[in-house]
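Structure assessment
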Amino acid sequence: MTEPSNAPEPNPSNEPQLPTRRRSRWPVITAITAVVIAAVVVVVVAVTRGGDDDTDAKTVRIGVTDASQPYWKTYADLAKQRLNVTVKYVNFNDYSQPNPALKEKQLELNEFQHIQYLANYNTTAHDDLQPIGATAVYPLPLYSLNYTSPSAIPDGAKVAIPNDAINQARGLLVLQAAGLVTLKNGGSAFSSTADIATKKVDVVTLDASQTAGALKSGSVVAAIVNNNYATSAGLPHTAAVFQDDPASASAAPYVNIFVARAADKDNPTYLKLAELYHDPAVEQGVQESNGGTAIFRKVAPAELQSLLKTVQDQAVAAGKK
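Residues numbered from 1 in each chain as written. Predicted model: local features only at pLDDT ≥ 70, side-chain atom pairs only at ≥ 80, totals over all residues. Heavy atoms only, no water.

**Overview of the nonpolar core**
Note on soluble globular proteins: their nonpolar side chains tend to be buried together. Ile 115, Leu 118, Tyr 143, Val 225, Leu 235, Val 255 and Ile 257 are the most contacted members of the largest nonpolar core, which totals 40 residues. Taken together, the elements giving at least two residues each to this core come down to helix H3 (98-103), helix H4 (115-125), helix H6 (211-217), helix H7 (227-232), strand E13 (256-260) and helix H10 (301-317). Residues Trp 72, Phe 258, Leu 276 and Val 282 belong to the second largest nonpolar core, which totals 26 residues. (Core = buried A, V, L, I, M, F, W, Y, C linked by side-chain atoms within 4.5 Å. Buried < 20%, exposed > 50% of the residue type's maximum accessible area, 1.4 Å probe, protein only. Helix = DSSP H or I, 4+ residues; strand = E, 2+ residues; numbered from the N terminus.)

Structure follows, in structure tokens:
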């Protein structure tokens, strides 16, 4: 396409012509300047408001102990599609790591523990992490590869339970309900092996990540195995010979939770991420990965935080400080 020429048109007559008037550039320069100023204003507004806009892209690091489970990919895809949030998982091999990592700002959230575990951590570590959403309650099973019921386990046989304070207490309560031990004063959520009053079996405490391995190796005849470790170890659901009741009122402190630092407990993005766990596609994946054992719970953050305070007060009374 030919650009228009600035040369004067030929004059067919001999009449004198006025000289061609040169257009001033000031209106053009003024217009360009106005556009530049407007663009700068837009950029400044976007920068200053971006941190408060929930639609802005964000990256949120979530600490978990089972990042390889397929439902976490479903969850991350939904987070990106619906919230414009990129979820990055940080996987931990044992329960002692995710809370300190959250405290030190290596994570924004974690999801691996129940209220009881968090209460014990906050009390002993003098921390103030807070639950912002419930996920599910899982039964705590007693597994055996050689026996089909607790009563069939021989006297004096070795039975493994987790050694962390909260899972140890819950594991002992399971063994008591199964008729394998009795605990002083009936036991509590803060019982330890020192509270065993009578026993049919020899109770061995191991890291929660090792109880399944001990069972499979034959070093123990039965073991309390947390759900995610049982899944990763490939323990068949038929090997669970006893478990507590996750639907009971007494199981409320064992609801699993999304956890944030206290300063972030009202962060709208984090609250939406906690709610996203209950999308039907995610819940279906959770059930597929856990053999349909999850009892999903939706509990308001304020209620979870109130429950946490109650359990923390019980922990202090039990001397966990």
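Having seen the model, we can carry on.
**Structural notes on the packing of aromatic side chains**
In the structure shown here, the tally under the stated rule is ten aromatic pairs. When the ring of Trp 72 is compared with that of Tyr 89, the centres are 5.2 Å apart and the planes differ by 55 degrees; the resulting orientation is tilted. Here the residue Trp 72 occupies a position in helix H2 (residues 70-83), and Tyr 89 occupies one in strand E2 (residues 85-91), the gap between them amounting to 17 residues. A residue is classified by how much of its surface remains accessible, and Tyr 89, at 24% relative accessible area, is partly exposed. An aromatic cluster is defined as three or more aromatic residues linked by ring pairs; in this entry it consists of Tyr 71, Trp 72, Tyr 75, Tyr 89, Phe 258 and Tyr 277. A cation over a ring is seen here: Arg 170 above Tyr 254, with NZ or CZ 4.2 Å from the ring centre. (Phe/Tyr/Trp six-rings, centres within 6.5 Å; stacked < 30°, edge-to-face > 60°. Lys NZ or Arg CZ within 6 Å of the ring centre and 35° of its normal.)

**Considering the pattern of salt bridges**
Tallying each qualifying case throughout the model produces seven salt bridges. A salt bridge links Arg 261 to Asp 264; the shortest N-O distance between them is 3.4 Å. On the basis of relative accessible area, Arg 261 is assigned to the buried category, the value being 14%. According to the relative accessible area criterion, Asp 264 is buried, its value standing at 17%. Ionic pairing is found between Lys 309 and Asp 313, a salt bridge with its closest N-O pair at 3.2 Å. Of this pair, Lys 309 and Asp 313 are both found in helix H10, four residues apart, which corresponds to roughly one turn of the helix. (Salt bridge = Lys/Arg side-chain N within 4 Å of Asp/Glu carboxyl O.)

**Focus: the sheet that holds strand E10 (residues 202-206)**
What the five strands build is an open sheet, ordered E10-E7-E11-E6-E12; its pairing is mixed. A single partner strand is all that each edge strand has here, and the edge strands are E10 and strand E12 (240-243). Averaged over all pairs of adjacent strands, the angle between strand axes in this sheet comes to 25 degrees, irrespective of strand direction. Contacts between helix H5 (residues 165-177) and the sheet are confined to strand E6 (141-143), strand E7 (158-162), E10, strand E11 (222-224) and E12, with E7 contributing the most and set at about 140 degrees to the helix. (Pairing = 2+ DSSP bridges. Axes fitted to C-alpha atoms, helices over the stretch in contact; angles between N-to-C directions. Contact = heavy atoms within 4.5 Å.)

**Re the sheet that holds strand E3 (residues 109-114)**
As summarised here, the arrangement of the five strands in space is E2-E1-E3-E13-E4, forming an open sheet in which the pairing is mixed. The open sheet has two edge strands with one neighbour each: E2 and strand E4 (130-134). Taken pair by pair, the neighbouring strands of this sheet meet at an average axis angle of 35 degrees, ignoring direction. In this structure, strand E1 (residues 58-64) lies alongside E2, joined through seven bridges in parallel fashion. Residue pairing in the sheet places Gly 63 in a bridge with Val 90 of E2. The strands touched by H10 are E4 and E13; relative to E4, the strand with the most contacts, the crossing angle is about 130 degrees.

**Some details on H2**
With 14 residues, H2 should reach 20 Å at 1.5 Å per residue; the first-to-last C-alpha distance of 20 Å fits that figure. Looking at the packing, one finds that the buried side of H2 touches E1, E2, E3, E13, helix H8 (268-276) and helix H9 (280-289). (Expected span 1.5 Å × (residues − 1).)

**Quick word on the environment of Ile 295**
Assignment of secondary structure puts Ile 295 in strand E14 (residues 295-296). Considered as a pair, Ile 295 and Thr 135 are 160 residues apart in the sequence and their alpha carbons are 8.6 Å apart. Apart from residues no more than four positions distant in its own chain, Ile 295 is found in contact with Ala 136, Val 137 and Pro 246.

**Let's talk about the confidence of the model for the chain**
Across the chain, pLDDT averages 85, with 81% of residues at or above 70. Considering only residues more than four positions removed or in separate chains, one finds that residues 2-55, a stretch of pLDDT under 50, has ten contacts. (pLDDT = per-residue confidence, 0-100.)

**Examining the environment of Asn 228**
Relative to the elements of secondary structure, Asn 228 occurs in helix H7. With relative accessibility at 16%, the residue Asn 228 sits in the buried group. In sequence terms Asn 228 and Ser 209 are 19 residues apart; their C-alpha atoms lie 9.2 Å from each other. Here the side chain of Asn 228 touches Tyr 95 through a polar contact of 2.9 Å, side chain to side chain. (Polar contact = N/O pair within 3.5 Å; in protein donor to acceptor, adjacent residues only side chain to side chain.)

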